[in-house]
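Fold and geometry: a report
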Amino acid sequence: MSATLDVAIWRGTEDGHFQSFAVPRREHQTVLDVVTEVQRHFDPTLSYRFACRVGMCGSCAMVVNGRPRWTCRTRVSEVAEGDRLKLEPLRNLTIVKDLAVEMTDFFDKWKDARGYFEPGPAPETDFAVVPPETRERQTANAGIECIGCGVCYSACDVVAWDQDYLGPAALNRAWTLVNDVRDRGQTERIDAVATDAGCHACHTHMSCTQFCPKQIAPTYAIAGLKRAVMKRAFGGGG
Ligand code: FES
């Protein structure tokens, strides 16, 4: 291991370029540490995002040596190719500047998939009791820890071909709500994910499931939505 890392960072917008920095290599250094060191000691105009630094907020995702990752929980020692790091903004999203991307489309698609809790016109006044051992609760729990980092969306080939596709994160969120027994918006939600841009557009490439830093499996969530859409089409309700 040499004393410095050769770090190539994307600068500018879509027609930008890579800029190289020689960054001191340190023990236990994360990729986010490297980016922060570049911004603090080499070029204060470098744009990137982070907030929590502990894998909670989802804002630090980038493409690291060709693969989307959360950078605050990714150690350089796990991903450097020799001493080289190549850092790019997430794919399938418009670049704002350098490593920062516009997330509006990504989160608008959560709304389009009706990825929000619908209490109905007369919500219960008391707390609902949802036993942890029920199938619905366990299925919802399997996808609930999504931090909205955009790694799956950046990795998805279908989003790359079809910018209207709702994408794995929004569909995973919809599936958690389909399995929420308190929710009263199932018919509308199933209809929302049954469109051409919805769950049937998924070709099961599994990139989302392979790269999710929280080990969530959106591919299985999308398969669940496909079943739910079929069930509704054959008169089985939402
Ligand atoms: Fe919050 Fe990485 S900085 S998840």
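When you go through the chain residue by residue, the secondary structure sums to 10 helices and seven strands. Expressed along its principal axes, the backbone C-alpha trace of the chain runs to roughly 65 × 35 × 30 Å. With 238 residues in all, the chain has 47% of them scored as buried. By sequence separation, contacts in the chain at least 24 residues apart represent 62% of the contacts at least 6 residues apart. Within the chain, one finds 28 positive and 30 negative side-chain charges whose respective centroids are separated by 4 Å.

As for its position among the elements, Val151 is in helix H5 (residues 151-155). The residues touching Val151, leaving out its near neighbours within four places in the chain, are Ala61, Pro68, Arg69, Trp70, Phe211 and Pro213.

A word on the sheet that holds strand E4 (residues 67-69). Taken together, the five strands give an open sheet; going across it, the order is E2-E1-E5-E3-E4, and neighbouring strands pair in mixed fashion. Since the sheet does not close on itself, it has two edges, and those belong to strand E2 (17-24) and E4, each with one partner. If you compare each strand with its neighbour and ignore which way they point, the axes differ by 30° on average. In terms of strand pairing, strand E3 (residues 62-64) meets strand E5 (residues 84-88) through two bridges, oriented antiparallel. Note on E5: the bridge partner recorded for Val63 is Glu88. Taken strand by strand, helix H1 (residues 31-41) contacts strand E1 (4-11), E2, E3 and E5, and its axis lies near 100° from that of E2.

Take the environment of Glu118 next. In this fold, Glu118 is placed in the loop between helix H3 (104-112) and helix H4 (135-143). A residue is classified by how much of its surface remains accessible, and Glu118, at 25% relative accessible area, is partly exposed. Put simply, Glu118 and Asp180 are 62 residues apart on the chain and 10.0 Å apart in space, counted from C-alpha to C-alpha. Not counting residues within four places of it along the chain, the set of residues in contact with Glu118 comprises Arg182, Asp183, Arg184, Gly185 and Arg189. Side-chain polar atoms of Glu118 contact the backbone nitrogen of Gly120, separated by 3.0 Å.

Below, the discussion takes up the pattern of salt bridges. The final tally for this structure, using the stated rule, is 12 salt bridges. We note a salt bridge from Arg91 to Glu88, for which the minimum N-O separation is 3.7 Å. Residue Arg91 is classed as partly exposed on the basis of its relative accessible area of 37%. For Arg135, the salt bridge goes to Glu136, with nearest N and O atoms at 3.4 Å. Accessibility expressed as a relative area gives 57% for Arg135, which makes it exposed. Classification of Glu136 by relative accessible area gives partly exposed; the value is 28%. A single salt-bridge network, built from bridges that share partners, covers Arg11, Asp43, Lys97 and Asp98.

Thresholds, definitions, all that
Residues numbered from 1 in each chain as written. Predicted model: local features only at pLDDT ≥ 70, side-chain atom pairs only at ≥ 80, totals over all residues. Heavy atoms only, no water. Helix = DSSP H or I, 4+ residues; strand = E, 2+ residues; numbered from the N terminus. Buried < 20%, exposed > 50% of the residue type's maximum accessible area, 1.4 Å probe, protein only. Contact = heavy atoms within 4.5 Å. Lys, Arg positive; Asp, Glu negative; His and termini not counted. Charge placed at Lys NZ, Arg CZ, Asp CG, Glu CD. Pairing = 2+ DSSP bridges. Axes fitted to C-alpha atoms, helices over the stretch in contact; angles between N-to-C directions. Polar contact = N/O pair within 3.5 Å; in protein donor to acceptor, adjacent residues only side chain to side chain. Salt bridge = Lys/Arg side-chain N within 4 Å of Asp/Glu carboxyl O.

The analysis is restricted to geometry; functional conclusions fall outside its scope.
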